[in-house]
Amino acid sequence: MLDKKGIAKRIAQELRHNWYVNLGIGIPTLIANYIPEGIDVEFQSENGILGMGPFPFEGEEDADMINAGKQTITPMPGASIFDSATSFAMIRGQHIQLTVLGAMEVADNGDIANWKIPGRMVKGMGGAMDLVASADNIIVAMMHTNKRGESKLLRQCTLPLTGVKCVKKIVTNLAVLDVTPQGFKLIERAPGVSVEEIKNATEGRLIIEGDIPEMKID
Amino acid sequence: MNKLVANAQQAVQDIESGMTLMLGGFGLCGIPENCIAALVEKGIKDLTCISNNAGVDDFGLGLLLQKRQIKKMISSYVGENDEFERQMLSGELEVDLIPQGSLAARCQAGGSGVPAFFTPAGYGTEVAIGKEVRYFNGKPHLLEHALTADFAIVKAWKGDRYGNLLFKGTARNFNPLMAMAGKITIAEVEELVEPGELDPNNIHTPGIFVQRIFQGEKYEKRIEQRTVRER
């Protein structure tokens, strides 16, 4: 089974040279720590920076230099800064090759819910609805089940949707799955996790074809 | 051209209860601290505030929320403010949550004479309720309307008495867009410079969008999430 770092490491293997990438808050943010050697990518943060770099050294934090998670960051050489309309022009205009975000629920048709629990938690969608409505390539990073052990990979989302039929791939602590017209297709198992365990943790339609390889993670 | 006013109190003097305000900033980054303090002091009520976030409990728009001066918030993300969430869940505060990109585009449209536009964001979600849907290139889009405000209040790094503005780092965010969409736009700046000091090639907001400008003071510039790496 993977921890959050492991999920980030596995998604980092999906990065390709010269891609522009938007990473959501939470597990997706960790991906920046595991960029494969020889791969050059630029990270966009939707509050208005392209070429987001690492956190600053202590004492060098700048209140005017943050990411969409409101964390202090630094710009990389070659970075650019712009207003929110330009930022979402990049997103809506499909200039970004990969979007990775977290989710509370994903349905087997690619629907995603991650912004609201009615009556209990209403934080808002931020840029998530713009991202999922426009991005061509969306990977969801999340735990396979919630704190009560219930599946987060469902036949149908129960929470208010963020976007419809948009998720392409899911990487969880248990598996890598592609979203296909027939449902979740199991691609890889996490180290030490059996197909049976993944079946039991998946409520939505699950397609299992042939031998399912184990992920290779350093 | 001289759009200079003395201070925040003078800049907001004719803002009245019940008005609609736009306030620039993303989280606490690039917020008009001086004008928010002046609005708290002024004590006006029933404001509709258009701002990407709602500050934190004890800073930014959170200060106006604490005093119950806001009737309605139009925002995209309000997760850092417990008082906001409490007022919203209890029904005291009216809230319109809209996707961040749509919010940015709606402000820009409002200041640009574009009454409405189509965007894919929010199709098939609660955000789409009551909105016209049209297909372009086989994909569904929602009709979103422009936003304007009685006053837009923005914060810039440098500015001159013509109203030309320059922003610093990611404090730019919504500020240039909201500056366009206010019937009256107030800009508070960290540094007021002489006309000609700003390079005309590098002005983010041309002065035409700004009606009042003043040099702010005592900027706190709070950091919400102080994240650092080891040396």
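Residues numbered from 1 in each chain as written. Chains lettered and ligands numbered in written order. Predicted model: local features only at pLDDT ≥ 70, side-chain atom pairs only at ≥ 80, totals over all residues. Heavy atoms only, no water.

Peer 1: Before we go on, may I ask you to explain the pairing of strand 1 (residues 20-23) of chain A in this structure?
Peer 2: Consecutive side chains along a regular strand alternate between the two faces of the sheet. Residues and elements named next belong to chain A. Judged from the three bridges that link them, strand 1 and strand 2 (residues 42-45) form a sheet pairing that is parallel. Looking across to strand 2, one finds that Asn22 is bridged to Gln44. As paired strands, strand 1 and strand 5 (residues 98-101) are joined by three bridges and run parallel to one another. The residue bridging Asn22 from the neighbouring strand is Thr99, located in strand 5. (Pairing = 2+ DSSP bridges. Helix = DSSP H or I, 4+ residues; strand = E, 2+ residues; numbered from the N terminus.)

Peer 1: Hey, could you run me through the sheet that holds strand 6 (residues 105-107) of chain A in this one?
Peer 2: Two strands in a sheet stick together by hydrogen bonds in their backbones, pointing the same way (parallel) or opposite ways (antiparallel). All names here are of chain A. Taken together, three strands build an open sheet; the order of strands is 7-6-11 and the sheet is mixed. This sheet does not close on itself; its edge strands, each paired only once, are strand 7 (112-113) and strand 11 (153-154). The sheet contact formed by strand 6 and strand 11 spans two bridges and is parallel. Within strand 11, the position partnered with Ala107 by the bridge is Leu154.

Peer 1: In this structure, what is going on with helix 5 (residues 100-112) of chain B? I would like to understand it.
Peer 2: In an α-helix, one turn spans 3.6 residues; hence positions three or four apart end up facing the same way. Residues and elements named next belong to chain B. Taking 1.5 Å per residue, 13 residues should reach 18 Å; helix 5 reaches 18 Å between its end C-alpha atoms and fits that length. Among all positions in helix 5, only Gln100, Gly101, Ser102, Leu103, Ala104, Ala105, Arg106, Cys107 and Ala109 are buried. Downstream of helix 5 by one or two residues, Gly113 has phi in the positive range, about 75°. (Expected span 1.5 Å × (residues − 1). Buried < 20%, exposed > 50% of the residue type's maximum accessible area, 1.4 Å probe, protein only.)

Peer 1: Where do I start with helix 3 (residues 84-92) of chain A in this structure?
Peer 2: Taken residue by residue, helix 3 of chain A has Ser84(A), Ala85(A), Ser87(A), Phe88(A), Met90(A) and Ile91(A) as its buried positions. Next to the buried residues of helix 3 of chain A lie strand 1, strand 2 and helix 4 (128-134) of chain A together with helix 5 and helix 6 (175-181) of chain B. Looking at where helix 3 of chain A begins, the residue whose side-chain oxygen comes 2.9 Å from the main-chain nitrogen of Ala85(A) is Asp83(A). Downstream of helix 3 of chain A by a residue or two, Gln94(A) has a phi angle that is positive, lying close to 60°. (Contact = heavy atoms within 4.5 Å. Polar contact = N/O pair within 3.5 Å; in protein donor to acceptor, adjacent residues only side chain to side chain.)

Peer 1: Help me understand the nonpolar core, please; the structure alone is not making it clear to me.
Peer 2: Within soluble globular proteins, side chains that are nonpolar generally end up buried alongside one another. Of all hydrophobic cores here, the largest spans 49 residues; its most connected members are Val140(A) and Ile170(A). Once residues lying within four places of it in the same chain are set aside, the contact partners of Val140(A) are Leu101(A), Ala103(A), Val106(A), Ile112(A), Val167(A), Lys169(A), Ile170(A) and Val171(A). Membership of the second largest hydrophobic core comes to 42 residues, among which are Val122(A), Met125(A), Cys35(B) and Val78(B). (Core = buried A, V, L, I, M, F, W, Y, C linked by side-chain atoms within 4.5 Å.)

Peer 1: For this particular structure, what's the right way to read the packing of helix 3 of chain A against helix 5 of chain B?
Peer 2: Each packed pair of helices is defined by two parameters, the angle between the axes and the distance between the axes. One way to put it is that helix 3 of chain A packs onto helix 5 of chain B with a least axis distance of 9 Å and a crossing angle of 125°. In terms of their interaxial angle, helix 3 of chain A and helix 5 of chain B are classed as oblique. Taken as a pair, helix 3 of chain A and helix 5 of chain B cross one another with a handedness that is left-handed. In this structure, helix 3 of chain A uses Ser84(A), Ala85(A), Phe88(A) and Arg92(A) to contact helix 5 of chain B, whose residues at the interface are Gln100(B), Gly101(B), Ser102(B), Ala104(B), Ala105(B) and Gln108(B). Residues of the contact of helix 3 of chain A with helix 5 of chain B, tallied by class, amount to four nonpolar, five polar and one charged. (Axes fitted to C-alpha atoms, helices over the stretch in contact; angles between N-to-C directions. Parallel < 35°, antiparallel > 145°, perpendicular 65-115°, else oblique. Left-handed = near helix turned anticlockwise from the far one by under 90°. Nonpolar A, V, L, I, M, F, W, Y, C, P; charged D, E, K, R; others polar.)

Peer 1: Looking at this model, I keep getting lost on unusual backbone geometry. Mind explaining?
Peer 2: In terms of backbone geometry, most residues other than glycine have negative phi values and most peptide bonds are trans. All names here are of chain A. Phi at Lys70 takes a positive value of approximately 65°, unusual for a residue other than glycine. Tracing the backbone shows Lys70 in the loop between strand 3 (49-52) and strand 4 (75-81). Exposure remark for Lys70: the relative accessible area of 3% places this residue in the buried category.

Peer 1: Can you help me understand the sheet that holds strand 12 (residues 169-171) of chain A in this one?
Peer 2: Residues and elements named next belong to chain A. Taken together, 10 strands build an open sheet; the order of strands is 4-3-2-1-5-10-12-13-14-15 and the sheet is mixed. Of all strands in the sheet, those bounded by a partner on one side alone are strand 4 and strand 15 (206-207). Examined bridge by bridge, strand 13 (residues 175-180) and strand 14 (residues 183-189) share six bridges and lie antiparallel to one another. The residue of strand 14 that forms the bridge with Asp178 is Lys185.

Peer 1: Which parts of the structure should I look at to understand the interface of chain A and chain B?
Peer 2: Note: interface size is frequently given as the accessible area lost on complex formation between the parts. Across the contact, 51 residues belong to chain A and 52 residues belong to chain B. Counting the contacts that link chain A with chain B gives eight salt bridges. A salt bridge links Glu126(B) to Lys116(A), with the shortest nitrogen-to-oxygen separation between them at 2.9 Å. For the pair chain A and chain B, the number of links is 28 residue pairs in polar contact (both at pLDDT 80 or more). Of all the secondary-structure elements, those providing two or more residues to the side of chain A that touches chain B are helix 3, strand 9 (121-122) and helix 4 of chain A. (Salt bridge = Lys/Arg side-chain N within 4 Å of Asp/Glu carboxyl O.)

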